[in-house]
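Survey of secondary and tertiary structure
Below, each chain spelled out in residue letters.
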Amino acid sequence: ELQCRYMNGVGAVEGGAVMVVFQDVTHLEQAGQMRRDFVANVSHELRTPLTALMGFIETLRGPARDDAAARERFLQIMTDEANRMNRLVGDLLSLNRVESEERVRPREQLDLTGLLQSTLTTLRPLAEAANVDLTLDTSSGPISVTGDSDQLRQVFTNLVENAIKYGGSGGSVDVRIQASERDTAMRGPAVRVQIADKGPGIDAVHLPRLTERFYRADSHRSRELGGTGLGLAIVKHIVNRHRGRLRVESTLGKGSVFTVILPR
Ligand code: ADP
């Protein structure tokens, strides 16, 4: 009748009777498995650029030693690989920090519209380089929320960067912020920030798993664009800390809309 897969039994013999107390340790076993999977993923993600670096070092020592053009090309690839490792370590540290702070309520009073405006100013050069038209609709004016400004900046940076990255050259990314007195999802005053792109969209089978660490809908494209596979996992933890919600709607061939809903 027991539904759990893993049991710890503690036995005792008293006056000829045997008593065994079982404890369900399924959740401990699952946590252990998740930790092992995570370590395996991190090792794999780090080893890939490291192997490339080691290969190029050997080539520079040997065949490419006297070929200036090849040397320059290989050094550029090595720089890209080192940057990839650096981004991965940076994202791992961010994930660690946001996870450890998840139970601490943020207390800062801030204007979310202003925060979005300054976040988008920082991202404009990236959009221009990708030939993406980035717009922000701020018609609702300043909107006050209680939160952690650094973390919320990170949420919108990750979502807008993804929209630019995956939306593709020549596309557009539209950001909207809207407050309401009674949000259906939050059952009270809330604010919604929507980040919409007109990219290739995401197949519905991937949507439920998108915020898992290292989960990628299109692994090849993510790696090609320098993704770490941790951006949405970081977003999820920060939104949880703010008692908010993250929604994704996507239509293949039409684009994706990521919505962050925060209580006010
Ligand atoms: P990554 O570093 O790979 O971008 P994320 O955690 O930020 O990792 O995103 C997870 C995956 O979700 C990405 O690899 C990509 O396949 C998919 N994804 C995220 N945002 C978008 C988007 N706007 N359009 C299409 N796919 C997206």
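Residues numbered from 1 in each chain as written. Predicted model: local features only at pLDDT ≥ 70, side-chain atom pairs only at ≥ 80, totals over all residues. Heavy atoms only, no water.

Where we set the bar: UniProt positions are given in the numbering used here, feature names are shortened, and annotations may be inferred rather than shown by experiment.
The protein chain has the name histidine kinase in an unreviewed UniProt entry, where Ruegeria atlantica is given as its organism. What the UniProt record of the protein chain gives under Catalytic activity (unreviewed entry) is the line "ATP + protein L-histidine = ADP + protein N-phospho-L-histidine." In its Subcellular location (unreviewed entry) section, the UniProt record describing the protein chain reads: "Cell membrane".

As for empty space enclosed by the protein
Convention followed: For cavity detection a 1 Å grid was placed over the protein atoms alone, and a set of points counts as a cavity when a 1.4 Å probe fits there but cannot get out; an open set counts as a pocket when protein lies on both sides within 12 Å along at least five of seven lines, with lining residues being those that have an atom within 4 Å of a point. Grid points are joined across faces, edges and corners, and a volume is the space filled by probe spheres set on the points. Put simply, DSSP marks the helices as runs of H or I at least four residues long and the strands as runs of E at least two long, and each gets a number from the N terminus on. For this scheme, ten residues count as nonpolar: Ala, Val, Leu, Ile, Met, Phe, Trp, Tyr, Cys and Pro. Four count as charged, namely Asp, Glu, Lys and Arg, and the remainder, Gly too, count as polar.
As enumerated under the stated definition, the model contains one cavity of 30 Å³ or more in all. In this model, the largest cavity occupies a volume close to 60 Å³. At the level of elements, helix 1 (26-61) and helix 2 (68-100) are the ones that each hand at least two residues to the lining of the largest cavity. A breakdown of the residues in the lining of the largest cavity according to their chemical character gives two nonpolar, two polar and four charged.

Thoughts on the pattern of salt bridges
Oppositely charged side chains are able to pair whenever their charged atoms sit close together. For clarity, the threshold we go by: The term salt bridge refers to a pairing of a side-chain nitrogen on Lys or Arg with a carboxyl oxygen on Asp or Glu at a separation within 4 Å. Each residue is placed in one exposure class: buried if its accessible area under a 1.4 Å probe, protein chains only, is under 20% of its type's maximum, exposed if it is over 50%, and partly exposed if it falls in between.
Taken as a whole, this structure holds 13 salt bridges when the rule is applied. Between Arg36 and Glu29 there is a salt bridge, and its shortest N-O distance comes to 3.4 Å. The exposure class assigned to Arg36 is partly exposed, which follows from its relative accessible area of 40%. With a shortest N-O distance of 3.7 Å, Glu101 and Arg241 are connected by a salt bridge. Linking Glu101 in the loop between helix 2 and strand 3 (108-111) with Arg241 in helix 6 (residues 231-241), this pair joins segments that are 140 residues apart in sequence. For Arg241, a relative accessible area of 6% translates into the label buried. The network of salt bridges with common partners includes Glu45, Arg216 and Arg223.

Let's talk about the layout of surface pockets
For the largest pocket, the calculated volume is near 910 Å³. Considering the residues around the largest pocket, the lining is formed by 38 residues, among which Asn162, Lys165, Tyr166, Ser222 and Gly227 are closest to the centre. Secondary structure elements with two or more residues in the lining of the largest pocket: helix 2, helix 4 (149-167), strand 7 (188-197), helix 5 (219-224), helix 6 and strand 9 (255-263). Broken down by element, the lining of the largest pocket gets its largest block of residues, ten residues, from helix 4. Here the residues of the lining of the largest pocket are counted per class, giving 15 nonpolar, 14 polar and nine charged. As a volume, the second largest pocket reaches approximately 330 Å³. Mapped by element, the contributors of at least two residues to the lining of the second largest pocket are helix 1 and helix 6. Ranked by the residues each element gives to the lining of the second largest pocket, the list is headed by helix 1, at five residues. Class assignment of the residues belonging to the lining of the second largest pocket gives a composition of four nonpolar, four polar and six charged.

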